[in-house]
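Here's the letter readout for the chains.
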Amino acid sequence: MAGNKPEKAPSFASIEEASEWWDERSGDYWDKAKEVHFDIQIDKKPLHKIYKQFQTAYKELTGNSIDWRDIPENLQNSLRTFQPLSVKEFIKLPQNIRMAYFASHKSPDNVVLNKIKKRLAFYENKYGITSEDFYRKYHNSESLYEGSPEQVCDFLLWHGDYRRYLELKNAIR
Amino acid sequence: MPLDDALIYKRVEYLLQQIFENLTVIGQIDGNEVEEWVFDYENFAESKRFATKWLQLADGNRIMLCEEYDIEEYELKIVRYAYIYSDMNGSELLRAENAHPHNVFTDPHHIHDFRFGKSKKPKPFQRQDLDNPDITEFFAHIRGNRL
């Protein structure tokens, strides 16, 4: 490798490309390397926030505090990675922990409203009809069930989202 | 935990337990893929509803359960629901819901049974003195116990 190495390292289009190149040539360029110092800042905030919410919910429900070590491993992973638990895992958690997990994932109404508005926009764009017209047409109508399985699923979710949207809009107003 | 959330949580937990007691769920259908069914907190806690989307069952059939909730006088009210059981091609076999198009004695709780033809005549679903649907009755229909 040392015999045909280029004088200078090439430029790379991505970190992955650079990483692969340097992995194959480890040590070839030590004599040209300069010492550098850098800091790594790992943002702990998201874990801290969701864990705090979980702790708060647990304390409200039980009157007791809960430590990280007392949380089942699969739930620790979920809190750490933001990957939701599978329903099978959820239902096997101890009841107090299950309830706290449920309660800790509730956002303020204005945040929920924004999420729902995005989902409504998605359905409106997908089916080319406003949510208001959709609701007027399909509420209490069995034609809601006449489309493809995907459409039936979308329409049921859309119906629920629009109801919740109206409720939240009125509550926030 | 606010009362609304506690009541919804209680119902969600009950439904999940009933599903696992009565059905063998392989996963959730997303397009052509079957993925792990994950706890959808945005759906359950924030949207005040329970919606499974399509679930793949071990026998090849599919099920989707949806409920929308209101809290009235400190009680959970299921204002809208639809339980749909279909074959592997997505054709409906059973559907229980409370849409109001039928001016029949079963209204609003009724079940469509498409297993023996395409008749759209609904059957009674749920004891008529109760407001809310009984999911165990739907599972009994799936097992053929209420034909």
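What counts, and where the lines are drawn
For every chain, the first residue of the written sequence is number 1, and numbering continues from 1 along that sequence. Labels follow written order: the first chain is A, the first ligand is 1, and so on. Side-chain atom pairs in this predicted model are given and counted only at pLDDT of 80 or more, local residue features only at pLDDT of at least 70, and totals for whole chains, interfaces and linings cover all residues. Put simply, DSSP marks the helices as runs of H or I at least four residues long and the strands as runs of E at least two long, and each gets a number from the N terminus on. We compute the radius of gyration over the C-alpha atoms and compare it with the globule rule, which gives 2.2 Å times the number of residues raised to the power 0.38. Each residue is classed by its C-beta neighbour count within 10 Å, where at least 20 other C-beta atoms makes it buried, 12 or fewer makes it exposed, and intermediate counts make it partly exposed; the C-beta atoms are placed from backbone geometry. Any residue pair is listed as a contact if its two C-beta atoms, each placed from the backbone, are within 7 Å. The start and end points of each domain follow an automatic or database-based domain assignment. Any two strands with at least two DSSP-identified bridges between them are counted as paired. Axis lines are fitted through C-alpha atoms, for helices just across the contact stretch, and the angle between N-to-C directions can take any value from 0 to 180 degrees. With respect to orientation, any angle under 35 degrees is reported as roughly parallel, any angle over 145 as roughly antiparallel, any angle of 65 to 115 as roughly perpendicular, and every other angle as oblique. Crossing chirality is assigned from the near helix's rotation relative to the far helix, an anticlockwise turn below a right angle marking it left-handed and a clockwise turn marking it right-handed. For this entry, the nonpolar core is defined as buried Ala, Val, Leu, Ile, Met, Phe, Trp, Tyr and Cys residues connected by C-beta atoms within 7 Å.

### Digging into the overall build of chain A
Link 1 in the chain: When helices and strands are tallied, chain A shows 8 helices and 0 strands.
Link 2 in the chain: Ordered by position in the sequence, the α and β elements of chain A form the string α-α-α-α-α-α-α-α.
Link 3 in the chain: Radius of gyration (C-alpha) of chain A: 26 Å, far over the 16 Å computed for a compact globule of 173 residues.
Link 4 in the chain: If one aligns the C-alpha atoms of chain A with their principal axes, the spans along those axes are about 80 × 50 × 35 Å.
Link 5 in the chain: Per-residue burial for chain A yields a buried fraction of 20% across its 173 residues.
Link 6 in the chain: Considering only intrachain contacts with a sequence separation of at least 6, the fraction spanning at least 24 residues in chain A is 60%.

### So, the domain arrangement of chain A
Link 1 in the chain: Taken as a whole, chain A is organised into domain 1 (45-104) and domain 2 (109-172).
Link 2 in the chain: Inter-centroid distance (C-alpha atoms) of domain 1 of chain A to domain 2 of chain A is 30 Å.

### Quick notes on the pairing of strand 6 (residues 75-86) of chain B
Residues and elements named next belong to chain B.
Link 1 in the chain: Where strand 5 (residues 62-72) and strand 6 come together, 11 bridges link them in antiparallel fashion. Each residue of the ladder has a partner; that of cysteine 66, found in strand 6, is alanine 82.
Link 2 in the chain: Between strand 5 and strand 6, which follow one another and run antiparallel, lie 2 residues, and glutamate 73 among them has a positive phi close to 50 degrees.
Link 3 in the chain: One ladder, built from 5 bridges, connects strand 6 with strand 7 (residues 92-97); its direction is antiparallel. Across the sheet, the residue bridging to tyrosine 83 is alanine 96, located in strand 7.

### Section: the packing of helix 6 (residues 109-127) of chain A against helix 8 (residues 149-172) of chain A
Residues and elements named next belong to chain A.
Link 1 in the chain: At a minimum axis distance of 9 Å, the contact between helix 6 and helix 8 shows a crossing angle of 140 degrees. It follows from the interaxial angle that helix 6 and helix 8 lie oblique. Helix 6 and helix 8 meet at a crossing whose hand is left-handed. Residues Asp109, Asn110, Val112, Leu113, Ile116, Lys117, Arg119, Leu120 and Tyr123 of helix 6 form the contact with helix 8, whose own contacting residues are Asp154, Trp158, Asp161, Tyr162, Arg164, Tyr165, Leu168, Lys169, Ala171 and Ile172.

### Examining the nonpolar core
Link 1 in the chain: Membership of the largest hydrophobic core comes to 49 residues, with the highest contact counts inside it found for A:Ala100, B:Cys66 and B:Tyr83.
Link 2 in the chain: Of the residues forming this core, the biggest block, 6 residues, is contributed by helix 5 (residues 95-104) of chain A.
Link 3 in the chain: The residues contacting A:Ala100, other than those within four sequence positions of it, are A:Phe54, A:Ala57, A:Tyr58 and A:Leu61.

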